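# Notes for the structure review
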Amino acid sequence: MRTVPSRPVSVASALAAALWAFFLLPPQQAVWSGSGALPEWLMVLERLPVYDGIRLQLQSIGQADLYLVFGSAVSLSFVLLWFAAGPVLATLGAPGRALGALLLLGAPITALSYLNHAEDAPLHALWGAEAFLLIGIGIWAFVAALIAGRRAEVPRWERLLLGMTLPILVASTVVLTYWPHGTLVGLGIEVCAIAAWGPRADAPAPSRHSAAVHAV
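So, how was this worked out
Residues numbered from 1 in each chain as written. Predicted model: local features only at pLDDT ≥ 70, side-chain atom pairs only at ≥ 80, totals over all residues. Heavy atoms only, no water. Axes fitted to C-alpha atoms, helices over the stretch in contact; angles between N-to-C directions. Helix = DSSP H or I, 4+ residues; strand = E, 2+ residues; numbered from the N terminus. Parallel < 35°, antiparallel > 145°, perpendicular 65-115°, else oblique. Contact = heavy atoms within 4.5 Å. Nonpolar A, V, L, I, M, F, W, Y, C, P; charged D, E, K, R; others polar. Expected span 1.5 Å × (residues − 1). Bend = angle between axes of the 7 residues up to and from the residue. Buried < 20%, exposed > 50% of the residue type's maximum accessible area, 1.4 Å probe, protein only. Polar contact = N/O pair within 3.5 Å; in protein donor to acceptor, adjacent residues only side chain to side chain. Patch = residues over 30% accessible without salt bridge, like charges linked within 9 Å, V, L, I, M, F, W, Y side chains within 5 Å. Areas by Shrake-Rupley, 256 points an atom, 1.4 Å probe, with all protein chains shown as cover. Salt bridge = Lys/Arg side-chain N within 4 Å of Asp/Glu carboxyl O. Core = buried A, V, L, I, M, F, W, Y, C linked by side-chain atoms within 4.5 Å. Phe/Tyr/Trp six-rings, centres within 6.5 Å; stacked < 30°, edge-to-face > 60°.

### Topic: the packing of helix H5 (residues 75–89) against helix H6 (residues 94–115)
In the contact formed by H5 and H6, the axes pass within 8 Å of each other and the chain directions differ by 170°. Looking at the two axes, H5 sits roughly antiparallel to H6. Within the contact between the two elements, H5 uses Ser 75, Phe 78, Val 79, Leu 81, Trp 82, Ala 85 and Leu 89 and H6 uses Gly 96, Arg 97, Leu 99, Gly 100, Leu 103, Leu 104, Gly 106, Ala 107, Thr 110 and Ala 111. Class assignment for the residues of the contact of H5 with H6 results in 11 nonpolar, 5 polar and 1 charged.

What follows is the structure, given as structure tokens:
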């Protein structure tokens, strides 16, 4: 049986997902675009000693594919988001549970994408597949928000926020200049808000009744 996290744990998990994606962003973007092509703020972050230490450690164990390491590591953010959002998404019924499944699916798809980025990789066609999954998450979140309008316990602000998922993903990608890392920062912030204030499926009956009263 899946452990249901408390609300503080859910919020911490969503925040950790966003921070982990942001932490991996500077070195990953540097590998992809070249340090000299980075925006100034990313260039400053990429030169922090912590990244030099990680790169040296990877070289010491013979791992030269930094694109693979910093790219596939962001898969953890998908797992953390799935864990954080579960109790709230469950209040949306089947559409919400399906959205949670898409979040969890992002972990293996992203890992396989980066593992097969080389042109001679056996599953090279999967490289970049996480982009289509993220688009699917944004579209399905909108569908789930529409269907959730029939449920009194789901507040209007939550439906609006879910409906804005795709624009949030696009905006965070543009601002942070790279996907899926930059995209997951925006998604992590959104899930953090939902985990903090959204009604939960594991709430006791009085709390759920109160949430229904204030849903409109």
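### Some thoughts on H6
Given a rise of 1.5 Å per residue, 22 residues ought to cover 32 Å, and the 32 Å separating the end C-alpha atoms of H6 matches this to within 8%. For H6, the principal kink sits at Gly 106 and spans about 25°; a proline, Pro 108, occurs within the next four residues. Residues of H6 that are buried: Pro 95, Gly 96, Leu 99, Gly 100, Leu 103, Gly 106, Ala 107, Thr 110, Ser 113 and Tyr 114. As for H6, its buried residues are in contact with helix H1 (7–33), helix H4 (66–72), H5, helix H7 (129–148), helix H8 (156–163) and helix H10 (181–197).

### Quick notes on the side chain of Ser 77
By the secondary structure assignment, Ser 77 is in helix H5. There is a polar contact of 2.8 Å between the side chain of Ser 77 and the backbone oxygen of Ala 17. Residues contacting Ser 77, with those up to four places away along its chain left out, are Ala 17, Trp 20, Ala 21 and Leu 184.

### Things to note about the side chain of Thr 165
Among the secondary structure elements, Thr 165 is positioned in helix H9 (residues 165–176). Sequence-distant contacts of Thr 165, defined by excluding residues within four places in its chain, comprise Ile 137, Gly 138, Ala 141, Leu 187 and Glu 190.

### Here we look at a nonpolar patch on the surface
The grouping of Leu 112, Leu 115, Leu 123 and Leu 126 at the surface amounts to a nonpolar patch, some 330 Å² of accessible area in total. Looking at where Leu 123 falls in the secondary structure, it is placed in the loop between H6 and H7. Look at Leu 123 and you get partly exposed, because its relative accessible area is 42%.

### Points about the nonpolar core
Counting 44 residues, the largest nonpolar core has Leu 81, Leu 92, Ile 137, Leu 184, Leu 187 and Val 191 as the members making the most contacts within it. Ranked by the residues each element gives to this core, the list is headed by H7, at 7 residues. Among all residues touching Leu 92, those that are not within four sequence positions of it are Ala 144, Ala 148, Arg 151, Val 154, Glu 158 and Leu 162.

### A look at the environment of Arg 150
Checked against the element boundaries, Arg 150 lands in the loop between H7 and H8. Assessed through its relative accessible area of 74%, Arg 150 is described here as exposed. For the pair Arg 150 and Leu 92, spaced 58 residues apart in the sequence, the C-alpha separation amounts to 9.5 Å.

### Here's the deal with unusual backbone geometry
At the junction of Trp 179 and Pro 180, the peptide bond is cis and its omega measures out at 5° in the coordinates. With respect to the secondary-structure elements, Pro 180 resides in the loop between H9 and H10. One non-glycine residue, Thr 177, adopts positive backbone phi at about 70°. Looking at the secondary structure, you find Thr 177 in the loop between H9 and H10. Thr 177 gets classed as partly exposed once you look at its relative accessible area, which sits at 31%.

### Section: the packing of aromatic side chains
By the definition in use, this model includes 7 aromatic pairs. A ring pair is formed by Tyr 67 and Trp 127, whose centres lie 6.4 Å apart and whose planes are at 80°; its orientation type is edge-to-face. Of this pair, Tyr 67 sits in helix H4 while Trp 127 sits in the loop between H6 and H7, and the two are 60 residues apart along the sequence. The class of Tyr 67 is buried, set by a relative accessible area of 10%. An aromatic cluster of three or more residues is present, and its members are Trp 32, Tyr 67, Tyr 114 and Trp 127.

Fair warning: the whole summary comes from geometry, so function is off the table for now.
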